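Here's the letter readout for the chains.
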Protein chains: 2
Amino acid sequence: MSKEKTSPAVVIVGGGFGGLYAAKALGNRGVAVTLIDRRNFHLFQPLLYQVATGGLSPGDIASPLRGVLGRYRNIRVLQDEVTGLDPENRNVLLESGEIVYDYLLLAAGTRHHYFGNDQWEKLAPGLKTVEDALEMRRRIFNAFEKAEAAATGEEQKRLSTFVIVGGGPTGVELAGAMAELAYGTLRRDFRNFDPTQTRIVLVEAGPRLLPPYAEKDSQKARLTLEKKGVEVRTATAVKEVREGAVILTLPDKNEETIAAETVLWGAGVVGTPLATTIAGATGVETDRQHRLPVGGDLSLANFPEIMVLGDMAHFEQDGQALPGVAQVAMQQGRYAARRILAETRGETAKPFRYKNKGNMAVIGRNAAIADLGFASLSGLPAWLIWVFVHIAYLIGYDNRILVLVQWASNYFTRKRGARLITLPGWSPGEEKSPG
Amino acid sequence: MSKEKTSPAVVIVGGGFGGLYAAKALGNRGVAVTLIDRRNFHLFQPLLYQVATGGLSPGDIASPLRGVLGRYRNIRVLQDEVTGLDPENRNVLLESGEIVYDYLLLAAGTRHHYFGNDQWEKLAPGLKTVEDALEMRRRIFNAFEKAEAAATGEEQKRLSTFVIVGGGPTGVELAGAMAELAYGTLRRDFRNFDPTQTRIVLVEAGPRLLPPYAEKDSQKARLTLEKKGVEVRTATAVKEVREGAVILTLPDKNEETIAAETVLWGAGVVGTPLATTIAGATGVETDRQHRLPVGGDLSLANFPEIMVLGDMAHFEQDGQALPGVAQVAMQQGRYAARRILAETRGETAKPFRYKNKGNMAVIGRNAAIADLGFASLSGLPAWLIWVFVHIAYLIGYDNRILVLVQWASNYFTRKRGARLITLPGWSPGEEKSPG
């Protein structure tokens, strides 16, 4: 990596919503931007659950970063990994070298969190990356295949039981999609077992689903899921995840064991190890979710030139930390760019303020919950808004059309065309015979 | 697996063109059909090279077998693997049991072939499965990423050199797609190196490209590729594939070493190990490509109830073995169904005869070679026919629209939206930080 820099040099770590929106807002302006990501694509994470349930392909919700940013001559994309930070010399250490900055934008997102039970991760995959989604897809459809081949009814029951952990948007959307898959898409596909007998259990430790939403929206979400055939268990904690079983702690503190082949994790998230590295290098303290606390200008204490965006940041507004949603990251990304451009003009930007345009969660075909602040909708109207918003925010024109086509087709045919069970890896000579 | 059977029981091994077309032709007729495949989807192999070069997603060219066949109540799909055959008792041995047949249709396809140098497979992946295509995609786009980060010009040269082995349709189509990728799609995407300097070498041991085609079509294909910037080397054999290099034997028997990070294999194919198993069990001899010789009714000598379809079969017509193309497999699949239905009515079907509807190879945007027998086209008209035919033969309505949309978008924007570098496997806790 060359150390020479044209001033001001902006280094962005992470090509998610925060990093990408910051980069686009700095495109073709008088700054030298370097965007660093381990992956070569931006991922529309809110739709990952659709990939996990065979409704969309990874390519539909991902856009190559070079394709999105290629037309901005002042932006260069580096596929690399950050290994450390030297804030005094304004130097980011990379696996393949180092790079100097005037402004550093940190937007590396979060990973899922097993509340100190990392050994559960193998048994209950989360949903943060394309690989996570493909692993979920593999497990879901393999479970149905095994149920078709099962010898005993008991085995079939375990194989066709799906436990989804976490009553936030991810868990709710996964549960809704699973219900449509099992009770709709697959209804004619098997001969030795009846997919409509599938058991889908959504477990939430808190008292209600979708905690950030209004109470009555949580109620609507619960009723809609139950109408679709999902078993909703609130105030119920996961005590243990085992091979083939989940042990729950019930509201009355008793235990219940559910025999389930497939456990899907939609629960907690924490900042990436990078957040801890940064905290160590800059002397700030991360919060309980390993997020970095930032001031009104999104900067770290004592380092005005280091800004943290999106899920990685702990930003307090009206005495509350902002939630880890795409909207916050996008607005913070745009703000960071505005702030940098203002300062290069010798001006000072007003502190960042998040404008909540509403929360939405889809519960499948025709059903969603939209809390728009001024109004709260549910059912078909909420679903239509949800579809519109998600397509509008997809990066890349062709992605929008592709997703629209697949949704239209999934909607009318109830088929999910992307339900392939792909192999976890590539090994030469694999697949010598299909039979 | 239950051994009880309703007569006649038809067992089909393989859900490719041969097996799927046979199954569909037997749908809702008075036969009990079981289709066995290791995978849960049918794959449109002729477009795999588009997945390898980021033009399409795997989901676009695959259709879940249960989705395609679910509406035929007399067909059941088994995801299983054939381990052996007991032809005397008409019994197929599976990993998870066994199954009895009155008719057995073998359509397990082929795998690629390294002419006795299987150690090359790791260095030069072929293109038969979705995983193969994703591995190629990974290598191609990683090579460009590495070239962008390369320290020396020499390193950059090696990293941006692609050698494609085999001048058949696969090699020609891959070479054409690579040329568009490097000289079109990626032209603006890098800052430290110029993708238009990419070197693409297509190596064919025989005297000309596309051997099955007319001489002048081979010439057109060569000229078109050369116009696109591909270096075509005929009468040139691959002596050795090494890490980072390919050694060629030139027409004058001298050697040449090409330093290349990426080698893509589009050369020979042979029947699967299953073909050898079947040959052993039935006492027939496979041909040099491990294909099973069949008679006019597609059956194995002495076993009229065992038919072999598609790439797995050696069927002679007018003194020549039919080529391993989708068209042959489809027609043989339909014939096998016709023959079975005729015999259940006590009639005898006429021997199978292949009607060649023409050969086609695409050389990218606006350019293709179509040998339609009665006429031979090239350029835009051939390309349009190619597009039309390939979309028409895609299984699944939504696949057709999706591919159409992506092609339209790739055509007008020259973008290839599906160029994600996905990881070869899933391991828990992977991807903790994007930066």
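Residues numbered from 1 in each chain as written. Chains lettered and ligands numbered in written order. Predicted model: local features only at pLDDT ≥ 70, side-chain atom pairs only at ≥ 80, totals over all residues. Heavy atoms only, no water.

Participant: Could you clarify how one ought to interpret the overall build of chain A in this entry?
Facilitator: Regarding its fold elements, chain A presents 11 helices and 27 strands. Rg of the C-alpha trace for chain A: 23 Å, near the compact-globule value of 22 Å for 435 residues, within the 12% margin. In terms of its C-alpha atoms, chain A occupies a principal-axis envelope of roughly 70 × 55 × 40 Å. Counting across all 435 residues of chain A, residues that qualify as buried make up 60%. Across chain A, contacts joining residues at least 24 apart in sequence account for 63% of those joining residues at least 6 apart. On chain A, roughly 16,400 Å² of surface is accessible, and the fraction owed to carbon and sulfur atoms is 52%. Looking at charge distribution, chain A has the averaged site of its 51 positive side-chain charges lying 6 Å from that of its 47 negative ones. (Helix = DSSP H or I, 4+ residues; strand = E, 2+ residues; numbered from the N terminus. Rg over C-alpha atoms; globule rule 2.2 N^0.38 Å. Buried < 20%, exposed > 50% of the residue type's maximum accessible area, 1.4 Å probe, protein only. Contact = heavy atoms within 4.5 Å. Areas by Shrake-Rupley, 256 points an atom, 1.4 Å probe, with all protein chains shown as cover. Lys, Arg positive; Asp, Glu negative; His and termini not counted. Charge placed at Lys NZ, Arg CZ, Asp CG, Glu CD.)

Participant: In this structure, what is going on with the packing of helix H4 (residues 130-149) of chain B against helix H6 (residues 169-185) of chain B? I would like to understand it.
Facilitator: Working note: a packed helix pair is described by the angle between its axes plus the distance between those axes. All names here are of chain B. Where H4 meets H6, the axes come as close as 13 Å, and the angle between the chain directions of the two elements is 35 degrees. Relative to H6, H4 is oriented so that their crossing is right-handed. Touching Met136, Ile140, Phe141 and Phe144 of H4 are Leu174, Met178, Leu181 and Ala182, all from H6. Partitioning the contact of H4 with H6 into residue classes produces eight nonpolar, no polar and no charged. (Axes fitted to C-alpha atoms, helices over the stretch in contact; angles between N-to-C directions. Left-handed = near helix turned anticlockwise from the far one by under 90°. Nonpolar A, V, L, I, M, F, W, Y, C, P; charged D, E, K, R; others polar.)

Participant: Would you explain the relation of the copies chain A and chain B in this entry?
Facilitator: Here the two chain copies are tied together by a rotation about an axis and a shift along that axis. Superposing chain A onto chain B takes a rotation of 180 degrees plus a shift of 0.0 Å along the axis, which leaves an RMSD of 0.0 Å. With respect to symmetry, the two chain copies, as superposed, fit the operation of a two-fold axis. Minimal C-alpha distance to the rotation axis in chain A is attained by Gly425(A), lying at 2.2 Å. When the interface residues of chain A are mapped onto chain B, 100% of them again lie at the interface, so the same face is used by both copies. (Least-squares fit on C-alpha atoms with pLDDT ≥ 70 in both.)

Participant: Explain the domain arrangement of chain A to me, please; I cannot follow it from the model alone.
Facilitator: Interfaces are often described in size by the accessible area the parts lose on coming together. All names here are of chain A. Per the domain assignment, the segments making up chain A are domain 1 (9-38 + 80-112 + 270-344) and domain 2 (118-267 + 358-413). Placing a centre on the C-alpha atoms of domain 1 and another on those of domain 2 gives a separation of 32 Å. Across the contact, eight residues belong to domain 1 and nine residues belong to domain 2. A buried area of about 800 Å², summed over both sides, lies between domain 1 and domain 2, and 54% of it is on carbon and sulfur atoms. (Domains from an automatic or database assignment. Buried area = accessible area lost by both parts, 1.4 Å probe.)

Participant: So what exactly am I meant to see when it comes to the packing of aromatic side chains here?
Facilitator: What describes a pair of aromatic rings is the distance from one ring centre to the other and the angle between the planes of the rings. Within this structure, the stated rule accounts for 21 aromatic pairs over all chains. Measuring from centroid to centroid gives 5.5 Å for Phe17(B) and Phe44(B), while their planes differ by 75 degrees, and the two rings are edge-to-face. Separated by 27 residues along the polypeptide, Phe17(B) in helix H1 (residues 17-25) and Phe44(B) in the loop between strand S3 (41-43) and helix H2 (48-52) bring together distant segments of the chain. Overall, the relative accessible area of 9% leaves Phe17(B) in the buried class. By relative accessible area, Phe44(B) is classed as buried at 3%. Aromatic rings pair up to connect Tyr114(A), Phe115(A), Trp120(A) and Trp265(A) into one cluster. (Phe/Tyr/Trp six-rings, centres within 6.5 Å; stacked < 30°, edge-to-face > 60°.)

Participant: Can you walk me through the sheet that holds strand S27 (residues 376-378) of chain B in this structure?
Facilitator: Paired through backbone hydrogen bonds, the strands of a sheet run either parallel or antiparallel to each other. Residue and element names in this part refer to chain B. With antiparallel pairing, three strands are arranged side by side in an open sheet as S25-S26-S27. Every other strand in the sheet has two partners, leaving strand S25 (359-362) and S27 as the edge strands with one partner each. For this sheet the average axis-to-axis angle between neighbouring strands, irrespective of direction, equals 5 degrees. (Pairing = 2+ DSSP bridges.)

Participant: It is not clear to me how the pattern of salt bridges should be interpreted in this structure. Could you clarify?
Facilitator: Proximity of charged atoms lets side chains of opposite charge pair with each other. Under the defined criterion, the tally for this structure stands at 47 salt bridges over all chains. Between Arg339(A) and Glu343(A) there is a salt bridge whose closest N-O contact spans 2.8 Å. Note that Arg339(A) and Glu343(A) are positioned in helix H9 (residues 326-344) at a spacing of four residues, about one turn of the helix. Among the salt bridges present, the one from Arg345(B) reaches Glu347(B), with a minimum N-O distance of 3.1 Å. Because the salt bridges share partners, they merge into one network encompassing Arg199(A), Glu231(A), Arg233(A) and Glu256(A). (Salt bridge = Lys/Arg side-chain N within 4 Å of Asp/Glu carboxyl O.)

Participant: How should the environment of Ile278(A) be read in this particular structure?
Facilitator: Residues and elements named next belong to chain A. With respect to the secondary-structure elements, Ile278 resides in helix H8 (residues 273-282). Each C-alpha atom of the pair Ile278 and Asp86 lies 9.2 Å from the other, and the pair is 192 residues apart in sequence. Those residues in contact with Ile278 that sit more than four places away from it in its chain are Leu85, Leu106, Leu292 and Leu300.

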